[in-house]
Amino acid sequence: MMADTNTATRHPARLAATVVAAVFLLLGIVGFIPGATTDYEGMTFAGHESTAMLLGVFHVSILHNIVHLLFGVVGLVMARSVSGARSFLIGGGAVYLVLWLYGLVIDHDSAANFVPVNGADNWLHLFLGVGMVALGLFLREARSAHRTD
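Scoring rules and cut-offs
Residues numbered from 1 in each chain as written. Predicted model: local features only at pLDDT ≥ 70, side-chain atom pairs only at ≥ 80, totals over all residues. Heavy atoms only, no water. Phe/Tyr/Trp six-rings, centres within 6.5 Å; stacked < 30°, edge-to-face > 60°. Helix = DSSP H or I, 4+ residues; strand = E, 2+ residues; numbered from the N terminus. Buried < 20%, exposed > 50% of the residue type's maximum accessible area, 1.4 Å probe, protein only. Axes fitted to C-alpha atoms, helices over the stretch in contact; angles between N-to-C directions. Parallel < 35°, antiparallel > 145°, perpendicular 65-115°, else oblique. Left-handed = near helix turned anticlockwise from the far one by under 90°. Nonpolar A, V, L, I, M, F, W, Y, C, P; charged D, E, K, R; others polar. Patch = residues over 30% accessible without salt bridge, like charges linked within 9 Å, V, L, I, M, F, W, Y side chains within 5 Å. Areas by Shrake-Rupley, 256 points an atom, 1.4 Å probe, with all protein chains shown as cover. Salt bridge = Lys/Arg side-chain N within 4 Å of Asp/Glu carboxyl O. Pairing = 2+ DSSP bridges. Core = buried A, V, L, I, M, F, W, Y, C linked by side-chain atoms within 4.5 Å. Contact = heavy atoms within 4.5 Å. Expected span 1.5 Å × (residues − 1).

Q: I tried to follow the packing of aromatic side chains on my own but got confused; where do I start?
A: Both the distance between ring centres and the angle between the ring planes are used here to describe each pair of aromatic rings. Taken as a whole, this structure holds four aromatic pairs when the rule is applied. With centroids separated by 4.7 Å and ring planes inclined at 70°, the aromatic side chains of F24 and F71 adopt a geometry described as edge-to-face. Of this pair, F24 sits in helix α2 (residues 12-30) while F71 sits in helix α3 (residues 62-78), and the two are 47 residues apart along the sequence. Since its relative accessible area comes to 3%, F24 is described here as buried. Three or more aromatic residues joined by ring pairs form one cluster here, namely F24, F71, F88 and Y96.

Here it is in structure tokens:
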């Protein structure tokens, strides 16, 4: 019996992964826009010396923005299947939880802060990590093929 491709296309995990990936792409692009990124002239390739702030709140660097762009592209590719979408959400969430822990233990003014991160980034990484893992875990099963919309 063939799977209902409409049901697979509309699966909530695929939708969630697509939205999350699109937000990462958007943030990666906005990170390179002067004005949306304050102190744009102070952006470095990597490291805590970067003074650029996305939306005036989150430290960013060229590397940080590139990572957002790549994360978004990977998410869009993985969202093409339910299992890929869930893997992106859970795996990506785990990466952000590790990044949150990393931001807690490093000195933000040290060379170890190559991302760069600040307190606002740490809170965002915790929220993203928990949210993505939760979405991946709770958006498990496809809707029943017998259900009519």
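Q: Explain the packing of helix α4 (residues 82-105) against helix α5 (residues 119-138) to me, please; I cannot follow it from the model alone.
A: Relative placement of two packed helices is described by the angle separating their axes and the distance separating the axes. At a closest axis distance of 7 Å, the pairing of α4 and α5 adopts a crossing angle of 155°. With respect to α5, the axis of α4 lies roughly antiparallel. Where α4 crosses over α5, the handedness of that crossing is left-handed. Looking at the contact of α4 with α5 residue by residue, the class counts come to 16 nonpolar, seven polar and one charged.

Q: Help me understand a nonpolar patch on the surface in this model?
A: There is a patch of nonpolar side chains on the surface, built from L15, V19 and V23 and spanning about 260 Å² of accessible area. You can see L15 is positioned in helix α2. Residue L15 is classed as exposed on the basis of its relative accessible area of 55%.

Q: Where do I start with the sheet that holds strand β3 (residues 58-59) in this structure?
A: Spatially, β1-β2-β3 is the arrangement adopted by the three strands of the open sheet, whose pairing is antiparallel. Strands with a single pairing partner mark the edges of an open sheet, and in this sheet they are β1 (37-38) and β3. By the bridge criterion, two bridges tie strand β2 (residues 53-54) to β3 in an arrangement that is antiparallel. Residue M53 lies in a different strand from β3, and its bridge partner there is H59.

Q: Can you help me understand the environment of D109 in this one?
A: Position of D109 among the secondary structure elements: in the loop between α4 and α5. Residue class for D109 comes out exposed when judged on its relative accessible area of 62%. Separated by 62 residues in sequence, D109 and G47 have C-alpha atoms that sit 9.2 Å apart.

Q: Just to check I follow, could you spell out the nonpolar core for this structure?
A: Core analysis: the largest hydrophobic core is formed by 18 residues, its most contacted members being F24 and F88. Secondary structure elements with two or more residues in this core: α2, α4 and α5. The contacts of F24, once residues within four sequence positions are left out, are H68, L69, F71, G72, Y96, L128 and M132. In terms of nonpolar packing, the next biggest core, distinct from the first, is built from six residues, V30, M43, A52 and L54 among them.

Q: Which parts of the structure should I look at to understand unusual backbone geometry?
A: Working note: non-glycine residues mostly have negative phi, and peptide bonds are mostly trans. Of note, the phi angle at D39 is positive, near 50°, even though the residue is not glycine. Residue position: D39 is located in the loop between β1 and β2. Unusually for a residue other than glycine, L55 sits at a positive phi of about 60°. Residue placement: L55 occurs in the loop between β2 and β3. With a relative accessible area of 54%, L55 lands in the exposed category.

Q: Can you help me understand α2 in this one?
A: Owing to its 3.6 residues per turn, the α-helix aligns residues three or four sequence positions apart on the same side. A rise of 1.5 Å per residue sets the reference length of α2, with its 19 residues, at 27 Å; its end C-alpha atoms lie 27 Å apart and thus fit the reference within 8%. Among the residues making up α2, those that are buried are A13, R14, A16, A17, V20, A21, F24, G28 and V30.

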